[in-house]
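A closer look at the structure
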Amino acid sequence: MEVIITADPSSASRVAARRIARLVRTKPDAVLGLATGSTPVGLYTELIRMHREEGLDFSSVRTFNLDEYLGLAPDYPASYHRFMEENFFRGVNIPRENILLPNGLASDVPAHCGAYEQEIREAGGIDLQILGIGSDGHIGFNEPGSSLASRTRIKTLTPSTRQDNARFFNKPEDVPYHVITMGIGTIMESRSIVLLAFGAGKSMAVAGAVEGALSASNPASILQLHPDAKIYLDEHASSDLKRVDYYKWVFQNKPAWQADS
Ligand code: GLP
């Protein structure tokens, strides 16, 4: 696990975008795992800029999103289909047929979840998974208590997550109770992980994930077992970490042969 602390969210987003761009340039048919929420918006904006201004080519990239609300049609304003369209897909050249999100209107949810896992396997697995983190440590929509070996499935949101996400809906009661999410086991199989967290509201969840005990009570703590997980933070999100000075020193004093993080 590598912790990268930058002055502000836009610096962190730029550093993370460079890492993703490097992957796409070296492996044009890379499989990306994508996340929603306000946190990765700056990262997507930077990737769109790189596509437009630097010719970063996504024409062979495939994508799988982490999650979707059950019961929401793709064009519903707060759906994750719509979020991805507005914040990323419309700005880059990923072919439509290469984009997959869980279907919030699936009639047979277990069958749909099994098929989603199968699609990921057939694509050769996810090369790099982008993650945010909930204020309770959730990744995707894997709420505290989720099996650390879970696969794509239905989950029920906690009251605090419904409250956190109410800002994307007209009324708090419009937030669905149920979602489809990639499991923690699914996420852990991706070859690399890029987790972003910004703001003081995430500092406790980040401290638990990075320096706390491995526990389903903080699902992101499973990333301590991932061989290639990088955690990009702003100063506020890092404020409850004990080893901040060490993480900063490591990042600023990398041997020249180590690639740009
Ligand atoms: C939702 C998403 C998560 C995301 C989290 C945090 O619950 N399912 O993938 O990490 O929100 O969102 P935000 O980035 O808006 O704080």
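Everything discussed here concerns the structure shown above.
Described in the following lines is the structure provided in the data block. Note that the structure is a prediction, hence the values are computed from the model and not measured.

**Details of the overall build of the protein**
A tally of helices and strands in the protein yields eight helices and 10 strands. Relative to the globule expectation of 18 Å for 261 residues, the C-alpha radius of gyration of the protein, 17 Å, shows essentially globular dimensions. Once the C-alpha set of the protein is aligned to its principal axes, its extents read approximately 50 × 40 × 35 Å. Expressed as a percentage of its 261 residues, the buried residues of the protein come to 56%. At a minimum sequence separation of 6, the contacts of the protein that also span at least 24 residues come to 79%. Carbon and sulfur atoms form 53% of the exposed surface of the protein, whose accessible area is close to 11300 Å². For the protein, the centre of its 26 positive side-chain charges and the centre of its 31 negative side-chain charges are spaced 3 Å apart.

**A look at the site of the ligand**
Taken together, 14 residues surround the ligand, and among them S38, T39, H138, R167 and K202 come closest. A distance of 2.6 Å separates an oxygen atom of the ligand from a polar atom in the side chain of R167. Interatomic distance of 2.6 Å between a side-chain N/O atom of K202 and an oxygen atom of the ligand. Bound to the protein, the ligand loses 95% of the 390 Å² it would expose on its own. Residue composition of the shell around the ligand, grouped by class: three nonpolar, eight polar and three charged.

**Quick notes on the sheet that holds strand β10 (residues 229-234)**
If you trace the seven strands from one edge of the open sheet to the other, you get β1-β10-β9-β6-β2-β3-β5, paired in parallel fashion. Both edges of this open sheet fall to β1 (2-6) and β5 (99-100), since each of them pairs with a single strand only. Bridge analysis of strand β2 (residues 31-34) against strand β3 (residues 62-65) gives four bridges, and the strand direction is parallel. Bridging across to β3, L32 finds its partner in T63.

**Quick look at the pattern of salt bridges**
Overall, the coordinates contain 16 salt bridges when judged by the stated rule. We note a salt bridge from D127 to K27, for which the minimum N-O separation is 2.9 Å. Within this pair, whereas D127 is found in the loop between α4 (109-122) and β6 (128-131), its partner K27 is found in the loop between α1 (9-26) and β2, the two being separated by 100 residues in sequence. Judged by relative accessible area, D127 falls into the buried class, the value being 6%. By relative accessible area, K27 is classed as partly exposed at 31%. The salt bridge partner of E117 is R151, with a shortest N-O separation of 2.8 Å. With E117 in helix α4 and R151 in the loop between β6 and β7 (153-156), the pair connects residues that are 34 residues apart, well separated along the chain. Given the relative accessible area of 7%, E117 is considered buried.

**Some details on helix α2 (residues 41-54)**
With 14 residues, α2 should reach 20 Å at 1.5 Å per residue; the first-to-last C-alpha distance of 19 Å fits that figure. Along its buried surface, α2 packs onto α1, β2, α3 (80-87), β6 and β9 (192-197). Looking at the residues trailing α2, positive phi occurs at G55, about 70°.

**So, the nonpolar core**
A general feature of soluble globular proteins is that nonpolar side chains tend to end up buried together. In terms of nonpolar packing, the biggest core is built from 79 residues, with L47 and F88 touching the most fellow members. Every residue in contact with L47, bar those within four places of it in the chain, is listed here: A17, I20, A21, L56, F58, F88 and V92.

**Comments concerning the sheet that holds β7**
Taking strand neighbours across the sheet as the criterion, the three strands line up as β4-β8-β7 in an open arrangement whose pairing is antiparallel. Because the sheet does not close on itself, it has two edges, and the strands there are β4 (67-69) and β7. The mean inter-strand angle of the sheet, taken between neighbouring strand axes irrespective of direction, is 30°. The sheet contact formed by β4 and strand β8 (residues 178-181) spans three bridges and is antiparallel. The residue of β8 that forms the bridge with D67 is T181.

Rules behind the numbers
Residues numbered from 1 in each chain as written. Predicted model: local features only at pLDDT ≥ 70, side-chain atom pairs only at ≥ 80, totals over all residues. Heavy atoms only, no water. Helix = DSSP H or I, 4+ residues; strand = E, 2+ residues; numbered from the N terminus. Rg over C-alpha atoms; globule rule 2.2 N^0.38 Å. Buried < 20%, exposed > 50% of the residue type's maximum accessible area, 1.4 Å probe, protein only. Contact = heavy atoms within 4.5 Å. Areas by Shrake-Rupley, 256 points an atom, 1.4 Å probe, with all protein chains shown as cover. Lys, Arg positive; Asp, Glu negative; His and termini not counted. Charge placed at Lys NZ, Arg CZ, Asp CG, Glu CD. Near = heavy atom within 4 Å. Polar contact = N/O pair within 3.5 Å; in protein donor to acceptor, adjacent residues only side chain to side chain. Nonpolar A, V, L, I, M, F, W, Y, C, P; charged D, E, K, R; others polar. Pairing = 2+ DSSP bridges. Salt bridge = Lys/Arg side-chain N within 4 Å of Asp/Glu carboxyl O. Expected span 1.5 Å × (residues − 1). Core = buried A, V, L, I, M, F, W, Y, C linked by side-chain atoms within 4.5 Å. Axes fitted to C-alpha atoms, helices over the stretch in contact; angles between N-to-C directions.

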